Amino acid sequence: MSTDRRSAIKNIVAGTAALSTIGAFANMDAVAQPLQKNMPLKGNINHSACRWCYQDIPLDKLCIEGKRIGLSAIDLVGPKEWDTLKAHGIHSSMCNGAEINLVDGFNDKQFHARLIKQYSEMIPLVAKAGYTNLICFSGNKRNKSDEEGWANCAEGLKQLMPLAEKHKVVLVMELLNSKLNHQDYQADRTWWGAELCKKVGSESFKLLYDIYHMQIDEGDVITNIKQYHPYIAHYHTGGVPGRHEIDETQELFYPAIMNAIVATGFKGYVAQEFVPTGDNKLKSLQKCVQICDV
């Protein structure tokens, strides 16, 4: 290959890469601007954000600025703060407060009595408030096999399904990585959660597919979303590595992931669950909502 030809091809490749980067992240330019009111979004994604990522921002302010960004909901807010959400016209897209913790869950029978009591009390409250999703967890393996974990989870969850079905509430089990952040957690693969859904056998039990966690433990994010979407009720975002902004600093391309979610016909919520690295957390949130707005 001649030097001229090699140089020409190199320039073409470099130019194409630059254009691709500009196209993929063009909407990031808005992060440098003040937060805008009623930003026009495409309406294909229902945007939410996880409360814990913005604990230093008063919930009233998060609701007000979140609406300007394009949020219609906030995740992981308990009953004590539902009135604040309602005052701002913000939905609670993933309720919490019935779980014990992340490690003591439905896969261990010693926790069933407490969990069934707490979820039986919370399910009617969720329904009365006009909400649908209530988070739950498998708990840690503690040397349990897949089969034992499935059997124990199904046994406990099935006792709650008649009440959940009556109130049209969905118990949503979060998938967490066991490699890095939640070692020994049992529901650490999408196929494991999908099999549990089959064993429970109710539309009132589904999965929370956390993109950050599943990229770490299994990868193939788009393939798994396409294959297991009937069992998924909710999505969380997060940049890999580090669970920071979902922009060009990390390894996943979120516009493609969001397009895959939209293609499944999903009508639920996608909640931003990244830990902002910048000084202005709301601008980071705005940027990442725009990245996901396909």
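Residues numbered from 1 in each chain as written. Predicted model: local features only at pLDDT ≥ 70, side-chain atom pairs only at ≥ 80, totals over all residues. Heavy atoms only, no water.

## Let's talk about the overall build of the chain
For clarity, the cut-off: Here a helix means four or more residues in a row that DSSP labels H or I, a strand means two or more in a row labelled E, and each is numbered from the N terminus. Only protein chains enter the accessibility calculation, which uses a 1.4 Å probe; a residue is then buried when its area is under 20% of its type maximum, exposed when over 50%, and partly exposed in between. By the convention used here, residues are in contact when the closest approach between their heavy atoms is within 4.5 Å.
Helix and strand counts for the chain come out as eleven helices and eight strands. Looking at the chain as a whole, 53% of its 294 residues are labelled buried. Residue pairs at least 24 apart in sequence account for 76% of intrachain contacts in the chain once pairs closer than 6 positions are excluded.

## Brief notes about the packing of aromatic side chains
Rules: In this scheme Phe, Tyr and Trp rings, the latter by its six-membered ring, pair at centre separations within 6.5 Å, and the angle between planes marks the pair as stacked below 30 degrees, edge-to-face above 60, and tilted otherwise.
Applying the stated criterion across every chain yields a total of six aromatic pairs. Between Phe106 and Tyr119, the aromatic rings sit 5.5 Å apart at their centres with planes inclined by 55°, giving tilted as the arrangement. Taken together, the positions of Phe106 in the loop between strand E3 (91-95) and helix H4 (112-128) and Tyr119 in helix H4 put the pair 13 residues apart, joining distant regions of the chain. Judged by its relative accessible area of 0%, Phe106 is buried.

## Looking at the pattern of salt bridges
Heads up, the condition is: Every case where a carboxyl oxygen of Asp or Glu lies within 4 Å of a side-chain nitrogen of Lys or Arg is listed as a salt bridge.
Tallied over the full model, the rule gives 13 salt bridges. Put simply, Lys199 and Glu195 hold a salt bridge, and the shortest N to O gap is 3.6 Å. You can see Lys199 and its partner Glu195 sitting in helix H7 (residues 190-200), four residues apart, about one turn around the helix. For the salt bridge of Glu273 with Arg243, the shortest nitrogen-to-oxygen distance reads 3.5 Å. Taken together, the residues span a long stretch of sequence, with Glu273 in the loop between strand E8 (269-272) and helix H11 (281-292) and Arg243 in the loop between strand E7 (232-236) and helix H10 (254-263) at a distance of 30 residues.

## Overview of the confidence of the model for the chain
To keep it simple, the criterion reads: You can read pLDDT as the predictor saying how much it trusts each residue, on a scale of 0 to 100.
Counting all residues, the mean pLDDT for the chain is 90, and 87% of those residues have values of 70 or more. Mean pLDDT per element in the chain: helix H1 (residues 3-24) is the minimum at 40, and strand E5 (residues 170-174) is the maximum at 99. Low confidence marks residues 1-34, where pLDDT is under 50. Its contacts with residues over four positions away, or in another chain, come to 23 contacts.

## Re the pairing of E3
Threshold: Should DSSP find at least two bridges between two strands, the strands are regarded as paired. Orient the strands so they point away from the viewer; a crossover is then right-handed if the path from the first strand over the helix to the second runs clockwise.
Extensive coverage of E3 is indicated by the burial of four of its five residues. Sheet analysis places strand E2 (residues 73-77) next to E3, joined by four bridges and oriented parallel. Its bridge partner lying in E3, Asp75 is registered against Met94. At this point the chain moves from E2, through helix H3 (residues 82-87), to the parallel E3, and the crossover so formed is right-handed.

## Brief notes about the packing of helix H2 (residues 59-69) against H11
Quick reminder of the rule: Only the stretch in contact is used when a helix axis is fitted, and all axes are lines through C-alpha atoms; the angle between N-to-C directions ranges over 0 to 180 degrees. Crossing chirality is assigned from the near helix's rotation relative to the far helix, an anticlockwise turn below a right angle marking it left-handed and a clockwise turn marking it right-handed. Side-chain classes follow a simple rule in which Ala, Val, Leu, Ile, Met, Phe, Trp, Tyr, Cys and Pro form the nonpolar group, Asp, Glu, Lys and Arg form the charged group, and the remainder, Gly included, forms the polar group.
Here H2 crosses H11 at 35°, and the two axes come no closer than 10 Å. Judged by the twist between their axes, the crossing of H2 over H11 is right-handed. For the pair H2 and H11, contact is made by Lys61, Leu62, Glu65 and Ile69 and by Leu282, Leu285, Gln286 and Val289, respectively. Looking at the contact of H2 with H11, its residues break down into five nonpolar, one polar and two charged.

## What about the packing of helix H5 (residues 146-158) against H7?
Under the convention used in this document: When an angle is under 35 degrees it counts as roughly parallel; over 145 it counts as roughly antiparallel; between 65 and 115 it counts as roughly perpendicular; any other value is oblique.
Running from N to C, H5 and H7 cross one another at 45°; their axes reach a closest spacing of 9 Å. When the interaxial angle is binned, H5 and H7 end up oblique. In this structure, H5 crosses over H7, and the sense of that crossing is right-handed. Every residue of H7 that contacts H5 at Asp146, Gly149, Trp150, Cys153, Ala154, Leu157 and Lys158 is listed here: Trp191, Trp192, Glu195, Leu196, Lys199 and Val200.

## Thoughts on unusual backbone geometry
Outside of glycine, negative phi angles account for most residues, and trans bonds account for most peptide bonds. Backbone torsion omega between Val240 and Pro241 reads 5°, so that peptide bond is classified as cis. One can find Pro241 in the loop between E7 and H10. Positive phi values are uncommon outside glycine, yet Leu76 reaches one of about 60°. Here Leu76 shows up in strand E2. Here the phi dihedral of Arg243 falls at roughly 55°; this positive angle occurs in a residue that is not glycine.

## Topic: H5
The cut-off we apply is this: Each helix should span, by expectation, one fewer than its residue count multiplied by 1.5 Å.
Relative to the 18 Å expected for 13 residues at 1.5 Å per residue, H5 spans 18 Å between its end C-alpha atoms, a close match to the ideal helical length. Buried residues of H5: Gly149, Trp150, Asn152, Cys153, Ala154, Gly156 and Leu157, and no others. Contact partners of the buried residues in H5: H4, strand E4 (133-136), helix H6 (161-167), E5, H7 and strand E6 (205-210).

## A short note on the state of the cysteines
Formally: Cysteine sulfur pairs qualify as disulfides if the two atoms are within 2.5 Å.
Summed over all chains, the structure comprises zero disulfides. Summary of cysteine pairing: Cys153 is not part of a disulfide, and the nearest cysteine sulfur, belonging to Cys136, is at 8.0 Å. Overall, Cys153 belongs to the buried group, its relative accessible area being 0%. In this structure Cys288 is not part of a disulfide, and its nearest cysteine sulfur, from Cys292, lies 7.1 Å away. When its relative accessible area of 0% is taken as the criterion, Cys288 is described as buried.

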